[in-house]
Amino acid sequence: MASVLVDLDVESLGPEVHKADKPDFSATRKLYSHVKKRTFAKFVASKKVPPTCENTFALWHCCGQSFKESSSIHKHVANIHANDIHQLTTETLDVMLQLDHREENPINEDSTDVSFWIPDTSQIPEDDLIKGPGEVLLYYCYCQLNDPQMICQWQRDLCLKLKLTGKVRVAAEGINGTVGGTKTATNLYIKAMLSHPTFKIMQVQDFKKSEGGAECFSDLKVGVYKEIVPMGVDPDIISYRLAGIHLEPEEFHKEVKAFVENQSDKDTILLDCRNFYESKIGQFNQCLAPDIRKFSYFPDYVDKNLDLFRDKNVLMYCTGGIRCERGSAYLKSKNVCKEVYQLKGGIHKYLEQFPNGFYRGKLFVFDERYAIAFNEDVISECRYCSCPWDQYQLCSTDFCCQLVLSCTTCRERGLTACCPVCQAKKQNHSDVPSDDGLSPREECECTMSRPRIPKDTL
């Protein structure tokens, strides 16, 4: 639709077309021009690499070439990537026109019929939804949902239709999901999300993509919860609307660069609000990474360490940005910080632009991959022999949910548990149920030696 409208010569329309109809086409062409400029700018920005020690000026890399001047990269993109820009522009415009159409013809969001938002796949070979290149999507959207149960049913039907696996949390405050499948399926999923009137505030770039597929998850789990990320604080009391100042990856990179280079800066804290096993295999240089096991411990951690944050500027980050939304809101509610900033899009978006920036190591993900790599650094080590190692596996002892870093050599020696206590349990008490028939309480050296809420100092 968009490509037809933008290529149409409005002035050559015959007399059978009323003049009153012409402004619609004209407006669309003006919109196309506006969207094209934005698309062109984003395309150029995606080719930019940050200054290095060797080069104090910015560079652009594209098609195996380096460009030092903005005029030269603009000329290159205009000449070589015109078709790419046109395609991206028309795709964006199609989505915008579709949303406009839905606004002109409003749909009852409270309707129990969710089939309207399920894409028609009759023209798509079923193999395209099962076989072929795959990917994993990570996204969230904070917005008021009047009927979370209906959205939950729609998501379940949508994912089943597209053969997607993964996890989707729905709540009155929004939606949080990570799903995997073929690229054909994930593209249809994104279009379905953007076509729904409730999620029209989202954009394509809000979906973080990584290599993977349906095999990255054991099944599909879709449910309604009180929070879309479990912090353990009522969203009506601490809302995402009170979140800190969002910094784009480029802005966050500049702030971290200034912080790292200024060793005497005592007024800034670079805060990792993820769990300890996430920060263990990857983190920003000189960050404060709390030794907490669950994000639901984060509010208690803040309460116990208020003096740590007093009169400080806090630069906060997490995997995809969602934990920072309410984590920063909680920290701000204590009124002790100078200011609280958060990395928009999280580490995932930062690494897309700065794979060799200030974040080193792997990015932990909550699926069967456990981690994805953007650089070659290994910052963690094997639990048993201390050699460099960052590939997690579950503790081999029954009922223990700890993750263990045990290298190939140590695993071949049978060292597959998270600690000596679990290793002994594995050898002596495997498959022994508890007296009440329930799963035994998870207790091992890891859980017994780690304080639930640590007290940190800088």
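Let us look at the structure shown here. (Residues numbered from 1 in each chain as written. Predicted model: local features only at pLDDT ≥ 70, side-chain atom pairs only at ≥ 80, totals over all residues. Heavy atoms only, no water.)

Describing the overall build of the chain
- Within the chain, the regular secondary structure consists of 15 helices and 18 strands.
- Per-residue burial for the chain yields a buried fraction of 45% across its 458 residues.
- The long-range share in the chain, meaning contacts at least 24 apart out of those at least 6 apart in sequence, stands at 68%.
- Accessible area of the chain: about 23,700 Å², with a carbon and sulfur share of 50%. (Helix = DSSP H or I, 4+ residues; strand = E, 2+ residues; numbered from the N terminus. Buried < 20%, exposed > 50% of the residue type's maximum accessible area, 1.4 Å probe, protein only. Contact = heavy atoms within 4.5 Å. Areas by Shrake-Rupley, 256 points an atom, 1.4 Å probe, with all protein chains shown as cover.)

Here's the deal with the sheet that holds strand β1 (residues 48-49)
- Spatial strand order, β1-β2-β3: three strands in an open sheet with antiparallel pairing. Among the strands making up the open sheet, the edge pair consists of β1 and β3 (65-67).
- Strand direction decides the pairing type here: β1 and strand β2 (residues 59-62), joined by two bridges, are antiparallel. Across the sheet, V49 pairs through a bridge with L59, a residue of β2. (Pairing = 2+ DSSP bridges.)

A word on the pattern of salt bridges
- Scanning the model with the defined rule gives 18 salt bridges in all.
- K338 is paired through a salt bridge with D267; the nearest N and O atoms lie 4.0 Å apart. With K338 in the loop between α11 (322-333) and β13 (339-343) and D267 in the loop between α7 (249-261) and β10 (268-272), this residue pair connects regions lying 71 residues apart in the sequence.
- Judged by its relative accessible area of 38%, D267 is partly exposed.
- D307 is the salt-bridge partner of R310, the closest N and O atoms lying 3.0 Å from each other.
- Taking relative accessible area as the criterion, R310 reaches 37% and is therefore assigned partly exposed. (Salt bridge = Lys/Arg side-chain N within 4 Å of Asp/Glu carboxyl O.)

A short note on the packing of helix α5 (residues 148-161) against helix α6 (residues 183-195)
- For the pair α5 and α6, interaxial distance at closest approach is 11 Å and the crossing angle is 155°. By the angle between their axes, α5 is roughly antiparallel relative to α6. Here α5 and α6 pass one another in a crossing that is right-handed. Listed contacts from α6 to W154, Q155, L158 and C159 of α5 are Y189, A192 and M193.
- In terms of residue class, the contact of α5 with α6 is built from six nonpolar, one polar and no charged. (Axes fitted to C-alpha atoms, helices over the stretch in contact; angles between N-to-C directions. Parallel < 35°, antiparallel > 145°, perpendicular 65-115°, else oblique. Left-handed = near helix turned anticlockwise from the far one by under 90°. Nonpolar A, V, L, I, M, F, W, Y, C, P; charged D, E, K, R; others polar.)

Some points on the packing of aromatic side chains
- Here the structure, examined in full by the defined rule, presents 19 aromatic pairs.
- An aromatic cluster is built from F252, F284, Y317, Y350, F354 and Y359, whose rings are joined through pairwise contacts.
- Sitting above the plane of the Y225 ring, R169 keeps its charged end 3.8 Å from the centroid.
- In this arrangement the basic side chain of R452 is found over the ring face of Y297, its NZ or CZ atom lying 3.9 Å from the centre. (Phe/Tyr/Trp six-rings, centres within 6.5 Å; stacked < 30°, edge-to-face > 60°. Lys NZ or Arg CZ within 6 Å of the ring centre and 35° of its normal.)

Comments concerning the nonpolar core
- Residues L271, F298, F309, M316 and L331 are the most contacted members of the largest nonpolar core, which totals 33 residues.
- Going through the elements one at a time, β4 (134-142), β10, α9 (298-304), α10 (306-309), β12 (313-317) and α11 are the ones with two or more residues in this core.
- Setting aside residues up to four positions removed in sequence, M316 forms contacts with F252, L271, C273, F298, C324, G327, S328, L331, V340, Y341, Q342 and L343.
- One finds Y139, I175, F199 and V222 within the second-largest nonpolar core, a separate group that totals 32 residues. (Core = buried A, V, L, I, M, F, W, Y, C linked by side-chain atoms within 4.5 Å.)

What to know about the environment of R326
- As for its placement among the helices and strands, R326 is situated in helix α11.
- Judged by relative accessible area, which is 0%, R326 ranks as buried.

Some words on the sheet that holds strand β6 (residues 174-182)
- Strand order across the open sheet formed by five strands is β7-β4-β6-β5-β8, with mixed pairing between neighbours. The sheet is open, and its two edges are formed by β7 (208-211) and β8 (220-224), each paired on a single side. Along the sheet, successive strands turn relative to each other by an average axial angle of 10°, direction set aside.
- Examined bridge by bridge, strand β5 (residues 165-171) and β8 share five bridges and lie parallel to one another. When the bridges of β8 are listed, R169 appears paired with G223.
- Where α5 meets the sheet, its contacts fall on β4, β5, β6 and β8, and the angle it forms with β8 comes to roughly 170°.
- Sheet contacts for α11: β4 and β6; angle to β4, the most-contacted strand, approximately 25°.

Quick look at the side chain of H76
- Checked against the element boundaries, H76 lands in helix α3 (residues 70-80).
- Looking at H76, the relative accessible area reads 9%, which means it is buried.
- Setting aside residues up to four positions removed in sequence, H76 forms contacts with C62, C63, Q65, F67 and H81.

What to know about the environment of P388
- Within the element layout of this structure, P388 appears in the loop between β16 (371-372) and β17 (392-394).
- Placed 17 residues apart in sequence, P388 and L405 show a C-alpha to C-alpha distance of 9.7 Å.
- Among all residues touching P388, those that are not within four sequence positions of it are V378, S380 and E381.

With respect to the pairing of β7
- Residues K208 and S210 line the buried face of β7, whereas the alternating positions K209 and E211 sit on a face that is not buried.
- Looking at chain direction, β4 and β7 are connected through four bridges and run antiparallel. Following the sheet pairing, L137 is matched in β7 by K209.

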